[in-house]
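Structural characterization, general
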Amino acid sequence: MKPIKGYRKSVEVSCAELDMIVDTLKLEKAVIGSRMMGGGFGGCTINLIKKGEEEAIKSKLSKLYLDAFEIELKIYDVKIGNGTSLYTAN
């Protein structure tokens, strides 16, 4: 698989594990986007997956990750919220 150039390569803030996750998920039709986030250096990725496809993607990625690194992948499910709002007392 040809690596994708960007910040992770130019400044070397990523690692093989994060690169594998992002590169793998960017090839999936059910994935809207995938990228490293946070401070890097072994941090985490954020992945936007089409509704209803989450379990299949997580299962496939977990197996590939375990096969590649002999490490169990930790996945944290999150949901998009309404964001911030202004609170005013009545």
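Everything numeric in this text was worked out from a predicted model, so none of it was measured.

Rules used throughout
- Note on numbering: residues in each chain are counted from 1, in written sequence order.
- Whole-chain, interface and lining totals are the exception, using all residues; otherwise, since this is a predicted model, local features are given only for residues with pLDDT of at least 70 and side-chain atom pairs are given and counted only at 80 or more.
- Side-chain numbers come from the whole structure's heavy atoms, not from hydrogens or water.
- The way it works is that DSSP assigns letters per residue, a run of H or I at least four long becomes a helix, a run of E at least two long becomes a strand, and they are numbered from the N terminus.
- The classification of residues rests on relative accessible area computed with a 1.4 Å probe and restricted to protein chains. Under 20% of the type maximum is buried, over 50% is exposed, and intermediate values are partly exposed.
- The contact criterion used is simple: two residues touch if any of their non-hydrogen atoms lie within 4.5 Å.
- Where accessible areas are quoted, they stem from the Shrake-Rupley method and a 1.4 Å probe; at the residue level, only the protein chains shown are allowed to cover.
- In the sections that follow, a salt bridge refers to a side-chain nitrogen of Lys or Arg positioned within 4 Å of a carboxyl oxygen of Asp or Glu.
- For this analysis, a ring pair means two rings from Phe, Tyr or Trp (six-membered ring only for Trp) whose centres lie within 6.5 Å, classed as stacked if their planes differ by under 30 degrees, edge-to-face if by over 60, and tilted for the remaining angles.
- Here, axes are lines fitted to C-alpha atoms. For helices the fit covers the stretch in contact, and angles between N-to-C directions go from 0 to 180 degrees.
- Whether a crossing is left-handed or right-handed is set by the direction in which the near helix is turned from the far one by less than a right angle, anticlockwise for left-handed and clockwise for right-handed.
- Residue polarity follows a fixed list, in which Ala, Val, Leu, Ile, Met, Phe, Trp, Tyr, Cys and Pro are nonpolar, Asp, Glu, Lys and Arg are charged, and the others, Gly among them, are polar.
- What a helix is expected to span follows from its residue count: subtract one and scale by 1.5 Å.
- To be clear, the arc concerns the directions from the helix axis to the C-beta atoms.

**Observations concerning the overall build of the protein chain**
- Across its full length, the protein chain carries three helices and two strands.
- Its helices and strands in sequence order give the protein chain the pattern α-α-β-β-α, from N to C terminus.
- The buried share of the protein chain, taken over its 90 residues, is 26%.
- Sequence-distant contacts, at least 24 apart, represent 36% of the contacts inside the protein chain between residues at least 6 apart.
- In the structure as shown, the protein chain presents an accessible area of about 7400 Å², 56% of it carried by carbon and sulfur atoms.

**A look at the pattern of salt bridges**
- One pass over the structure, following the stated rule, counts four salt bridges.
- For the salt bridge of Asp 77 with Lys 58, the shortest nitrogen-to-oxygen distance reads 2.9 Å. One end of the pair, Asp 77, is in the segment after helix 3 (54–69); the other, Lys 58, is in helix 3, with 19 residues separating them in the sequence.
- With a relative accessible area of 14%, Lys 58 lands in the buried category.
- Within this structure, Glu 55, Lys 58 and Asp 77 form a network of salt bridges that share partners.

**With respect to the packing of aromatic side chains**
- One pass over the structure, following the stated rule, counts one aromatic pair.
- Pairing Tyr 65 with Phe 69 gives two aromatic rings, centres 5.1 Å apart and planes at 55°, and the pair type is tilted. With Tyr 65 and Phe 69 both in helix 3 and four residues apart, this pair spans about one turn of that helix.
- Taking the relative accessible area as the measure of exposure, Tyr 65 reaches 9% and is therefore buried.

**Considerations on the packing of helix 2 (residues 16–25) against helix 3**
- As a packed pair, helix 2 and helix 3 sit with axes 11 Å apart at the nearest point and diverge in direction by 140°. In this structure, helix 2 meets helix 3 at a crossing whose hand is right-handed. Contact residues: helix 2 offers Ala 16, Glu 17, Met 20, Ile 21, Thr 24 and Leu 25, while helix 3 offers Ile 57, Leu 61, Leu 64, Tyr 65, Ala 68 and Phe 69.
- Here the residues of the contact of helix 2 with helix 3 are counted per class, giving ten nonpolar, one polar and one charged.

**Side note on helix 3**
- Here helix 3 spans 22 Å end to end across 16 residues, near enough to the 22 Å set by a 1.5 Å rise per residue.
- Listed in full, the buried residues belonging to helix 3 are Ile 57, Lys 58, Leu 61 and Tyr 65. One face of helix 3 carries all of its buried residues, which in axial projection span an arc of 95°. For helix 3, the exposed residues lying more than 90 degrees away from the buried face are Glu 55, Lys 63 and Asp 67.
- Here the buried face of helix 3 lies against helix 2, strand 1 (31–37) and strand 2 (44–49).

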